[in-house]
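# Structure assessment
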Amino acid sequence: MQPTLLILAAGMGSRYGGVKQLDQFGPNGETIIDYSLFDAIRAGFGKVVFIIREELRSDFEEVFSGKLAGKIEVDYAIQALTSYVPEELGDVRRTKPWGTGHAMLCAKDHTQTPFAIINADDFYGFEAFQLIAEFLKTDTDDQLHAMVGYEVKNTLSDNGSVSRGVCEVNDNGNLASVIERTKIYEQEGRIVYEEAEGVTPLSPETPVSMNFWGFKPSVFPLVLQQFESYAFANIDSPKAEFYIPTVMTNLIQTDLGHCKVFRSQSEWFGVTYPEDKPVVQEALKRLHDEGKYPDKLW
């Protein structure tokens, strides 16, 4: 069975100042998504679901539908502010999406196979897709999920703080915990994360989640249950976000799921700030020059 790739592409891009999901970074005007799709197809994925806002659908169809025809099945899931919010809560008083966990839930009716889920604006490398694809194709344990981890030192931006899921891995190579730290940066030669209580150092080798997860479809009823509880608790908190790490942490703590951690040696880079764009452009050009990607992807 070919797995499905879900792409988180409904973000507002507030720090970037635009729709970075569709911005051009490759030497022929490729988006970062193009590289993820190229790698996913050669790793054996059979379907892609773009999780987007309704107002972006026509733009995504224009950019991707033609080039992907005959290569991979394409579908769209809409992340609306009211999606899966219990009706008894009434009006939703927020302007930004509910977060990555909610976005995954919005693809529930579009996904019948084991699936991977990634950010639209991150470059993960072919090895990461191979690792997850092989796991999703061969593992039959409905309660065992997976993630690809990267060392935090390789995931920072020179242009500001970043948000990462900081991971603890047990002796079995499974995830013990993952906590979303929304402000990680380098300070005076060390890596730290900042919260209201203060600044805490992080080891450079600390594994972090870059939102490259692999799930079995049996997870969806559990995610729905979690999100409904979260919505009730946060309906008056317009900036609260329901993250995928929150989902996984709950599964682990309730013994309803486990998560195998793959350590990728692939190169990772991403776009958070406008100043990141030339760095990503140069990195992609180098990968083309080295023969890691053909002159033209499509």
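To be clear, the structure that these remarks concern was listed above.
Quick notes on the rules
- Residues numbered from 1 in each chain as written.
- Predicted model: local features only at pLDDT ≥ 70, side-chain atom pairs only at ≥ 80, totals over all residues.
- Heavy atoms only, no water.
- Axes fitted to C-alpha atoms, helices over the stretch in contact; angles between N-to-C directions.
- Helix = DSSP H or I, 4+ residues; strand = E, 2+ residues; numbered from the N terminus.
- Parallel < 35°, antiparallel > 145°, perpendicular 65-115°, else oblique.
- Left-handed = near helix turned anticlockwise from the far one by under 90°.
- Contact = heavy atoms within 4.5 Å.
- Nonpolar A, V, L, I, M, F, W, Y, C, P; charged D, E, K, R; others polar.
- Phe/Tyr/Trp six-rings, centres within 6.5 Å; stacked < 30°, edge-to-face > 60°.
- Buried < 20%, exposed > 50% of the residue type's maximum accessible area, 1.4 Å probe, protein only.
- Lys NZ or Arg CZ within 6 Å of the ring centre and 35° of its normal.

Contact geometry for helix α1 (residues 32-43) and helix α4 (residues 126-138): axes closest at 9 Å, N-to-C directions at 40°. One element, α1, and the other, α4, form an angle in the oblique class. As for how α1 packs across α4, the hand of that crossing is right-handed. Here Ser36, Asp39, Ala40, Arg42 and Ala43 of α1 lie close against α4, whose contacting residues are Phe126, Phe129, Gln130, Ala133 and Lys137. Residues of the contact of α1 with α4, tallied by class, amount to 5 nonpolar, 2 polar and 3 charged.

Further remarks concern the packing of aromatic side chains. Within the structure shown, the criterion is met by 22 aromatic pairs. Aromatic side chains phenylalanine 50 and phenylalanine 64 sit 5.0 Å apart centroid to centroid with 25° between the ring planes, which places their arrangement in the stacked category. Placement of phenylalanine 50 in strand β2 (residues 47-52) and of phenylalanine 64 in helix α2 (residues 57-68) is noted, with a sequence separation of 14 residues between them. The buried category is assigned to phenylalanine 64, whose relative accessible area is 0%. Put simply, the rings of Tyr35, Phe38, Phe123, Phe269, Tyr293 and Trp298 pair up and form one aromatic cluster. Positioned over the ring face of tryptophan 98 is arginine 94, at 4.1 Å from the centre of the ring.

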